[in-house]
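If you want the building blocks of each chain, they are given just below.
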Amino acid sequence: MNFLRGVMGGPSAGPQPSGAETIQKLCDRVASSTLLDDRRDAVRALKSLSKKYRLEVGIQAMEHLIHVLQTDRSDSEIIGYALDTLYNVISNDLEEEEQEENLPKQVDDLGSQFTEIFIKQQENVTLLLTLVEEFDFHVRWPGVKLLTSLLKQQGPQVQQIILVSPMGVSRLMDLLADSREVIRNDGVLLLQQLTKSNAAIQKIVAFENAFERLLDIITEEGNSDGGIVVEDCLLLLQNLLKNNNSNQNFFKEGSYIQRMKPWFEVGDDNCGWSAQKVTNLHLMLQLVRVLVSPTNPPGATSSCQKAMFQCGLLQQLCTILMATGVPADILTEVRGSKVFRGSQCLQFCNFVLMFFSLSFPNRPAIVVLLMSMVNERQPFVLRCAVLYCFQCFLYKNQKGQGEIVSTLLPSTIDATGNSVSAGQLLCGGLFSTDSLSNWYAAVALAHALQENATLKEQLLRVQLATSIGNPPVSLLQQCTNILSQGSKVQTRVGLLMLLCTWLSNCSIAVTHFLHNPANIPFLTGQIAENLGEEEQLVQGLCALLLGISIYYNDNSLENYRKEKLKQLIEKRIGRENFIEKLGFISKHELHSRAAQKPQPSFSSPDHVMFDHEFTKLVKELEGVISKAIYKSSEEDKKEEEVKKTLEQHDNIVTHYKKVIREQDQELEELKQQVNTLRSQNEQLQATVTQQVSQIQQHKDQYNLLKVQLGKDAQHHNSHGETFQVNGIQLEEVSKLKEELEEWKNKHELLQGQLREKDSVIEKLKSSQLEMGTTEQSSQTSKSGSLELNNELQKELETLRSRIQLQSTEISKLQTENQKLQLMNAAADPVLGESGATAARNPEVEGRLLQEVKELKSEVKALSEEKASLKQYLDSSNSTVAILQDQKSKLQQEVAESKKEQDDLLVLLADQDQKLSALKNKLKELGEPVEDEDDIESGDQGDDDEDGEDEEQD
């Protein structure tokens, strides 16, 4: 620190050291000091001296500062001082107080020289890129400023070093995402310098999401209302998009054009726009022009125009045109844009705007534009921009041209006079006292006729009322009348350009022009005179108009045939003089300027003479008119004969072309029919192939169903013939499969029920065996429920007969028992009176008692047998009722199965009809079809084989 006090002006007894000596001591201190604090203080001192002693610091300290950047990266403070010092040495941006001190101007070259020294070692730039990655503000910000200064001084060399550096451009793109606005804004300035005139870096920056980030910044800053940051972002966008087709395509496909729409939103009150807003809108409109520039590929331009139309950007531009209070230079930029030049989609949109104005319901947008163009009080640049806007609208737009010309025709003129049309404005400007308005209106009307012979003929119908009481005159005649009145040069040049465009390639218009006997003498008189330099241009245009009258003359007027007009030129003007005057046009300086680009770029109203499209017409006609003037009458006759022959030939060729075109159409129709029939044939063949396979599947399924249902062979054959019918679609096949599954389930259910019935019968048989029933009931058939019922009824009858017999025997026994009881009752008193009689008959009494006991036991056994028979009879009756119920159910199911089988047969019959119809169509188309007899024979053979297999089984 004592050292610094000495070198920085502290108290000292000796003489003060000079600046160079101080810088040398500081450099030695930076190089030799081992303490970081000493080196940091020395670098800070160099920074303070670097502005005043720029040359000395740059020469002596640059190497040491670079060494500090390499070795002391851990200390952000010393790195920041070193970067600031290098920036002060390299940058040529002088501060105001330095400028007041009148520093020598030779320092402007120092920045470039020091930059060369710094970038001589490419590692220095790579080191700087690494430092820019640091998040520390004191390192990153000075690094960004230093790199920007290097790019300003030696742009291409630094760009190449950054381009070959690994991830060099990507590191710099991170600056746009920095949350600190100072670094972000300086990062935008850095990328501006980085992307200048380097397409490779422009592509890398674009694909590093630059468009998204820049548009976000513009939105955050308030779009056109933003400050200088918005201007810097727009300049960077222009660098990325101008003359870079790849980036333009990426910008369009990324839907970034849609995000430009809010830029052009203006309110109702547009007074008091700030200078920054005007600048921002200028740059935004220039960005639109970059995207739709004619120098871009046609496909890219049209796609950008379409995107601007679809997102509403064009509507926003038209809103600016119609808004009040918008500065004139902004309107000039909008109207001078090429957003709808040559685009059919956008031209149609602009044509619709002619009828539905955005801001003035009673005045279409085109009318408002033309009012600005023909108004002499409007600024000159604004009127030129409106003209170019109108030209872009009509460029290759026959529909728009027709709508403009239609406003001049008698059938479309508003009789009430409540509204002003575009045609009326053009006529008003054409015959105004302002020469510039005359020129603008003439050129605008010429563009409405450009390359459109039909409209040129229709414009001949336009009649103008010159004054009250006088008959109307045609528009063509009125233009020639103004020419002959000796108006200003600018007016005559505009009218002559209009007449030349009108008469070129239109023989009917030439005939109307020649029909006025004053026109040819006026032209020859103008050409023959020797006038000053200002009139030479008018003479050249008159010569061009006269040449067009000769070249496109159809010789329909006897007094103005080609030969007579050429004789008139030779007598009054001279061929050489005529050709010389004709050459005045292309030799004129203003003609050469206008031929360079389509957009008008006049420095002052006095230079407004030629239109770009008219220069193309002059270049096309100058040579052919010169040849036509030197042709003799014989050559003209031969040429006419050749033309007639060519016309006849053309007529014949046209006729044959028409015939060929009709034949081609018929051929195309026939080809389409053939293709349709072929496709139908292929579909039918595919259908037949598919249905043949389905036939086999259905046959197999039907055979399986037939076997499962136990149908006989005859029924199978009759249905087999029916199943030879095809035409069952996929849905019907699925239905049949489902029906087969249902039949299978029903069959299994019936088999289960039969097994249950068999078990019931077995139980009945076992019970009958136990009861001693007859053997007939044990042999009940298992296959039929009707025989079982009959047998059971028979058994019931036998049981009933036995019961009746037993009941009769029981009744007999009961009567005998009653008799015996009566006999016993009668014998009791006799026994009581004489026991001897009873003793006498002991044997009779014992026998009677024994018989009574036997009878009682027999009666008891019979009653038990009767009860058991009644119980068995009841169980048999319930079993019979169950079997009868099951029988009725089985009969109902059999009836339903027969009904479903009949429905299936009807369906197959319908499919047979469809198949026969399809086969007939195939036969009509000439396709081979397998005969039904072959299919039936094959099917019958299969059926026979099945029958043989069944017989063998």
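Residues numbered from 1 in each chain as written. Predicted model: local features only at pLDDT ≥ 70, side-chain atom pairs only at ≥ 80, totals over all residues. Heavy atoms only, no water.

Draft legend 1. Region of the structure containing the overall build of the protein. Within the protein one finds 44 helices and two strands. The buried share among the 953 residues of the protein stands at 43%. Accessible area for the protein stands at about 50700 Å²; split by element, carbon and sulfur atoms hold 50% of it. (Helix = DSSP H or I, 4+ residues; strand = E, 2+ residues; numbered from the N terminus. Buried < 20%, exposed > 50% of the residue type's maximum accessible area, 1.4 Å probe, protein only. Areas by Shrake-Rupley, 256 points an atom, 1.4 Å probe, with all protein chains shown as cover.)

Draft legend 2. Summary view of unusual backbone geometry. Although it is not a glycine, Ser 197 sits at a positive phi angle of roughly 55 degrees. Its location among the elements puts Ser 197 in the loop between helix H12 (181–194) and helix H13 (199–207). With a phi angle near 70 degrees, Asn 209 is a residue other than glycine that sits in the positive phi range. Relative to the elements of secondary structure, Asn 209 occurs in the loop between H13 and helix H14 (210–220). Judged by its relative accessible area of 36%, Asn 209 falls in the partly exposed class.

Draft legend 3. Spotlight on the pattern of salt bridges. Summed over all chains, the structure comprises 20 salt bridges. Note that Glu 133 is salt-bridged to Arg 171, the shortest N-O span being 3.7 Å. With a gap of 38 residues between them, Glu 133 in the loop between helix H8 (122–132) and helix H9 (137–153) and Arg 171 in helix H11 (residues 168–173) connect regions that are remote in the sequence. Under the relative-accessibility criterion, Glu 133 is labelled partly exposed at 42%. Between Asp 216 and Arg 259 there is a salt bridge, with the nearest N and O atoms lying 2.7 Å from each other. Taken as a pair, Asp 216 in helix H14 and Arg 259 in the loop between helix H16 (245–253) and helix H17 (275–291) lie far apart in primary sequence, 43 residues in all. It is possible to trace a salt-bridge network through shared partners that takes in Asp 37, Arg 40, Asp 75 and Glu 77. (Salt bridge = Lys/Arg side-chain N within 4 Å of Asp/Glu carboxyl O.)

Draft legend 4. The arrangement of the nonpolar core in detail. Residues Ile 162, Leu 172, Trp 263 and Phe 264 are the most contacted members of the largest nonpolar core, which totals 95 residues. Excluding residues that lie within four positions of it along the chain, Leu 172 makes contacts with Leu 129, Val 132, Leu 147, Ile 162, Leu 190, Leu 191 and Leu 194. (Core = buried A, V, L, I, M, F, W, Y, C linked by side-chain atoms within 4.5 Å. Contact = heavy atoms within 4.5 Å.)

Draft legend 5. View of helix H24 (residues 398–406). All buried positions along H24 are accounted for by Gly 400, Gln 401, Ile 404, Val 405 and Ser 406. Elements that come into contact with the buried residues of H24 comprise helix H22 (365–374), helix H23 (380–394), helix H25 (422–430), helix H26 (435–448) and helix H27 (453–459).

Draft legend 6. Spotlight on the confidence of the model for the protein. When pLDDT is averaged across the protein, the result is 76; 72% of the residues are at 70 or more. A low-confidence stretch, residues 715–729 (pLDDT under 50), is modelled with 51 contacts involving residues beyond four sequence positions or located in other chains. Note that residues 826–841 has pLDDT below 50 and, in this model, one contact with residues that lie over four places away or in other chains. (pLDDT = per-residue confidence, 0-100.)

Draft legend 7. Expanded view of the packing of aromatic side chains. Per the counting criterion, the structure on display carries twelve aromatic pairs. Cluster of aromatic residues (ring-pair linked, three or more members): Phe 207, Phe 211, Phe 250, Phe 251 and Tyr 256. Above the face of the Phe 135 ring, Arg 180 is positioned so that its terminal group lies 4.0 Å from the ring centre. (Phe/Tyr/Trp six-rings, centres within 6.5 Å; stacked < 30°, edge-to-face > 60°. Lys NZ or Arg CZ within 6 Å of the ring centre and 35° of its normal.)

Draft legend 8. Fine view of the side chain of Ser 437. Along the chain, Ser 437 falls in helix H26. With relative accessibility at 1%, the residue Ser 437 sits in the buried group. At a separation of 3.1 Å, a polar atom in the side chain of Ser 437 contacts the main-chain carbonyl oxygen of Val 374. Each residue touching Ser 437, except ones within four places of it in the same chain, is listed here: Val 374, Glu 376, Arg 383, Gly 429 and Ser 432. (Polar contact = N/O pair within 3.5 Å; in protein donor to acceptor, adjacent residues only side chain to side chain.)

Draft legend 9. Molecular detail of a nonpolar patch on the surface. Where nonpolar side chains cluster on the molecular surface, the patch consists of Ile 652, Tyr 656 and Ile 660 and spans about 310 Å² of accessible area. Tracing the chain through its elements places Ile 652 in helix H38 (residues 633–709). Classification of Ile 652 by relative accessible area gives partly exposed; the value is 46%. (Patch = residues over 30% accessible without salt bridge, like charges linked within 9 Å, V, L, I, M, F, W, Y side chains within 5 Å.)

Draft legend 10. Examining the packing of helix H34 (residues 575–582) against helix H37 (residues 612–630) more closely. In contact at an axis separation of 11 Å, H34 and H37 are set at 175 degrees when each is read in the N-to-C sense. Here H34 is positioned roughly antiparallel relative to H37, judged by the angle of their axes. For the pair H34 and H37, the contacting residues are Arg 575, Glu 576, Phe 578, Ile 579 and Leu 582 in the first and Glu 622, Ile 625, Ser 626, Ile 629 and Tyr 630 in the second. (Axes fitted to C-alpha atoms, helices over the stretch in contact; angles between N-to-C directions. Parallel < 35°, antiparallel > 145°, perpendicular 65-115°, else oblique.)

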